[in-house]
Protein chains: 2
Amino acid sequence: MINSGVLRDHGLRVTGPRIAVLDAVARLPHSDTLGLIAEVRGSLPSVSVQAVYDVLRTLTDVGLVRRIEPAGHPARYERRVGDNHHHVVCRACGVLEDVDCALGSAPCLEPSTTNGFTIETAEVTYWGLCPTCQALPARPADDVGQP
Amino acid sequence: MINSGVLRDHGLRVTGPRIAVLDAVARLPHSDTLGLIAEVRGSLPSVSVQAVYDVLRTLTDVGLVRRIEPAGHPARYERRVGDNHHHVVCRACGVLEDVDCALGSAPCLEPSTTNGFTIETAEVTYWGLCPTCQALPARPADDVGQP
DNA sequence: ATGCTTTCTGGAATCGTTCAAGTAACGCTC
DNA sequence: GAGCGTTACTTGAACGATTCCAGAAAGCAT
């Protein structure tokens, strides 16, 4: 398994669920926990829901995956970590895609006032309409997420 | 009531709960729904939880208040709308403050690739430590929100 | 192999929020 | 300024995503 070493390098025990989840996140970027559970069960049919939640938390904690939590949507995960990229979320259907940073390297933004805060990360989320939803007639009632 | 006109101007009926909630959001910026319920009940002891949720949704929909949903935290509200400002969130205690836009006016950021998306808003959230939590000894177990 | 520790399973519980049905009240018209 | 239709509120239950808990299973250092 190509991921065993990665897990060990981060001080984690190598277990079936961890390898499978890490693999699933790599294969299905930006999918939510339920989607990942389905994917993981393709190779490991007996994993419990809680195992996947737990593994995702652990992997996020050690920095092996990145958690994305767009307002009004369940958390999504991706393997692209360490670089400085952001996300676009479709206001209508919730689809999410990567957007490379508009301005140099991480952290790409310096706030004009920090109010005494120590800034560690700047998270940028763009909201708009994906190509598919632009083509669709407006259906206000079906809007989802951030207004 | 100073807010009656504002409500009517946005095509909303003027009701006690609406005036009280709008007032509470102005008085207590960045507080969550539960905090606002408590505040509203100061002047209107009998409002129901759901009334406040409903009013907040309505006010957000018409653009009278802005909803902020930092990852891992309940939604917060503020009356500052229309201008282009962002937020800093304390990773340790969850405190949230305004940050004026680092770069010009709204939308302050143009992503380098839009992947065919129509971008409507750019939302920037800074994560770090507030002055108080910087002074405190590190307590990893109590960390909250985005890692 | 042995044993200690971490992680998994299964089930229940939690939080913030929304839904549903009935009652109340806003505000337009007469 | 009373009546009426529509919209908002109340009460109570339900929901989805996630976490907590206790016990069983499995990793890995010895």
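Computed from a predicted structure; not experimentally measured.

1. Remarks on the protein's contact with DNA strand C
Phase 1: Of all residues adjacent to DNA strand C, which total 20 residues, the nearest are Thr15(A), Arg18(A), Ser48(A), Ala51(A) and Arg57(B).
Phase 2: Counting only the atoms of DNA strand C that lie within 4 Å of the protein, the sugar and phosphate share comes to 62%.
Phase 3: One nitrogen or oxygen atom from the side chain of Thr15(A) is found 2.7 Å from a phosphate oxygen belonging to DNA strand C.
Phase 4: Elements with a contribution of two residues or more to the surface near DNA strand C: α2 (16-27) and α4 (49-62) of chain A together with α4 (49-62) of chain B.
Phase 5: Here the surface near DNA strand C takes four residues from α4(A), the largest share from any one element.
Phase 6: Each residue belonging to the surface near DNA strand C can be placed in one class, and the counts come to eight nonpolar, six polar and six charged.

2. Some details on the sheet that holds strand β3 (residues 76-78) of chain A
What links the strands of a sheet is backbone hydrogen bonding, and the strands pair in either a parallel or an antiparallel sense.
Phase 1: Taken together, the three strands give an open sheet; going across it, the order is β1-β3-β2 (chain A), and neighbouring strands pair in antiparallel fashion. This sheet does not close on itself; its edge strands, each paired only once, are β1 (31-32) and β2 (66-68) of chain A.

3. Digging into the environment of Val40(A)
All names here are of chain A.
Phase 1: By secondary structure assignment, the location of Val40 is in helix α3 (residues 33-43).
Phase 2: According to the relative accessible area criterion, Val40 is buried, its value standing at 1%.
Phase 3: Note: C-alpha distance between Val40 and Ala24 (16 residues apart in sequence) is 6.1 Å.
Phase 4: Once you skip the residues sitting within four places of it in the chain, Val40 turns out to touch Ala20, Val21, Ala24 and Val47.

4. What about the protein's contact with DNA strand D?
Phase 1: Close contacts around DNA strand D come from 20 residues, with Arg57(A), Thr15(B), Arg18(B), Ser48(B) and Ala51(B) the closest.
Phase 2: Between DNA strand D and Arg13(A) there is a distance of 3.0 Å, counted from a base nitrogen to a side-chain nitrogen or oxygen.
Phase 3: A distance of 2.5 Å separates a phosphate oxygen of DNA strand D from a polar side-chain atom of Ser48(B).
Phase 4: Secondary structure elements with two or more residues in the surface near DNA strand D: α4 of chain A together with α2 (16-27) and α4 of chain B.
Phase 5: In terms of residue count, α4(B) provides more of the surface near DNA strand D than any other element does, four residues in total.
Phase 6: Taken together, the residues that form the surface near DNA strand D break down as eight nonpolar, six polar and six charged.

Rules and cut-offs
- Residues numbered from 1 in each chain as written.
- Chains lettered and ligands numbered in written order.
- Predicted model: local features only at pLDDT ≥ 70, side-chain atom pairs only at ≥ 80, totals over all residues.
- Heavy atoms only, no water.
- Near = heavy atom within 4 Å.
- Polar contact = N/O pair within 3.5 Å; in protein donor to acceptor, adjacent residues only side chain to side chain.
- Helix = DSSP H or I, 4+ residues; strand = E, 2+ residues; numbered from the N terminus.
- Nonpolar A, V, L, I, M, F, W, Y, C, P; charged D, E, K, R; others polar.
- Pairing = 2+ DSSP bridges.
- Buried < 20%, exposed > 50% of the residue type's maximum accessible area, 1.4 Å probe, protein only.
- Contact = heavy atoms within 4.5 Å.

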